Amino acid sequence: AEDNIIVPPIIQGKELDPEVLRDIGKVVPHKQSVIFKMIARRRSFFAPEAGRDWAQEGLIDLRGDRHEGHFVTRGGIASSAGVVLSTGSEIMGVMFVNYATARPFTEHDQEIIEMFADQAAIAIQNARLFQLEQEQLKLLGSLVMRTPAP
């Protein structure tokens, strides 16, 4: 339905054990997802103590059985950052940078993570534009092939 999203089936940088993968592909209520909440806030969030900080900000709910399903718990994440990927007014998604050990995010760390997110958003936009161009060239080619010669 329109109010639901599917948790992305992508995890990098950590062994993919069954416990971590348990909820991948699970349908969650859209407006309750951390991705939706990050997009709605439209600004980065840095959590040196991931579980506590994400929960205090209202981005995840660590109460009861919901605690087991959140990325912080599933992935054994100690520190985490979330950055909205956007170019201009177009939002493409959210990039998460997660650490298994607790660490602070210095101003320099935050700048580097946000700079990387900016580059990722530009790369996504360029890939979309390239794909669109290829589709248009293919369509143009088929039109040229069908047009009789004068």
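Scroll up a little and you will see the structure.
Let us look at the structure shown here. (Residues numbered from 1 in each chain as written. Predicted model: local features only at pLDDT ≥ 70, side-chain atom pairs only at ≥ 80, totals over all residues. Heavy atoms only, no water.)

So, on to the environment of G75. The topology assignment puts G75 in the loop between helix 5 (71–74) and strand 4 (79–87). Sequence separation between G75 and N98 is 23 residues, and the spatial gap between their C-alpha atoms is 8.8 Å. (Helix = DSSP H or I, 4+ residues; strand = E, 2+ residues; numbered from the N terminus.)

Here the focus is the sheet that holds strand 4. Here we have 3 strands laid out as an open sheet, ordered 3-4-5, and antiparallel in their pairing. The strands lining the two open edges of the sheet, one partner per strand, are strand 3 (45–47) and strand 5 (90–99). When the angles between neighbouring strand axes are averaged without regard to direction, this sheet yields 15 degrees. Sheet topology note: the strand 3/strand 4 ladder contains 3 bridges and is antiparallel. Each bridged residue has a counterpart across the sheet, and for F45 the counterpart in strand 4 is G82. Relative to the sheet, helix 2 (residues 34–41) contacts strand 3, strand 4 and strand 5, its axis offset from that of strand 5 by approximately 120 degrees. (Pairing = 2+ DSSP bridges. Axes fitted to C-alpha atoms, helices over the stretch in contact; angles between N-to-C directions. Contact = heavy atoms within 4.5 Å.)

Applying the stated criterion across every chain yields a total of 6 salt bridges. Close ionic contact of E57 with R41 constitutes a salt bridge, the shortest N to O distance being 2.9 Å. Placement of the pair is E57 in the loop between helix 3 (50–56) and helix 4 (66–69) and R41 in helix 2, with a sequence separation of 16 residues. Salt-bridge contacts for R128 lead to E90; the nearest nitrogen and oxygen are separated by 2.8 Å. (Salt bridge = Lys/Arg side-chain N within 4 Å of Asp/Glu carboxyl O.)

Overall, the coordinates contain 4 aromatic pairs when judged by the stated rule. Through successive ring pairs, a cluster of aromatic residues spans F45, W54 and F96. Over the ring of Y99 we find R103, and its NZ or CZ is 4.5 Å from the ring centre. The cationic tip of R103 hangs over the ring face of F105; the distance from NZ or CZ to the ring centre is 5.7 Å. (Phe/Tyr/Trp six-rings, centres within 6.5 Å; stacked < 30°, edge-to-face > 60°. Lys NZ or Arg CZ within 6 Å of the ring centre and 35° of its normal.)

On the surface, a nonpolar cluster with roughly 490 Å² of combined accessible area is contributed by L137, L139, L140, L143 and V144. For L139, the position within the fold is in helix 6 (residues 107–146). The exposure class of L139 is exposed, given its relative accessible area of 52%. (Patch = residues over 30% accessible without salt bridge, like charges linked within 9 Å, V, L, I, M, F, W, Y side chains within 5 Å. Areas by Shrake-Rupley, 256 points an atom, 1.4 Å probe, with all protein chains shown as cover. Buried < 20%, exposed > 50% of the residue type's maximum accessible area, 1.4 Å probe, protein only.)

Bringing the pairing of strand 4 into the picture now. Counting buried residues in strand 4 gives 8 out of 9 residues, a clear majority hidden from the surface. Two strands pair when backbone bridges link them, and strand 4 and strand 5 are joined in this way by 9 bridges, in the antiparallel orientation. Bridging across to strand 5, A81 finds its partner in V97. The hairpin formed by strand 4 and strand 5 contains 2 residues between the paired strands, and G88 there has a positive phi angle of roughly 60 degrees.

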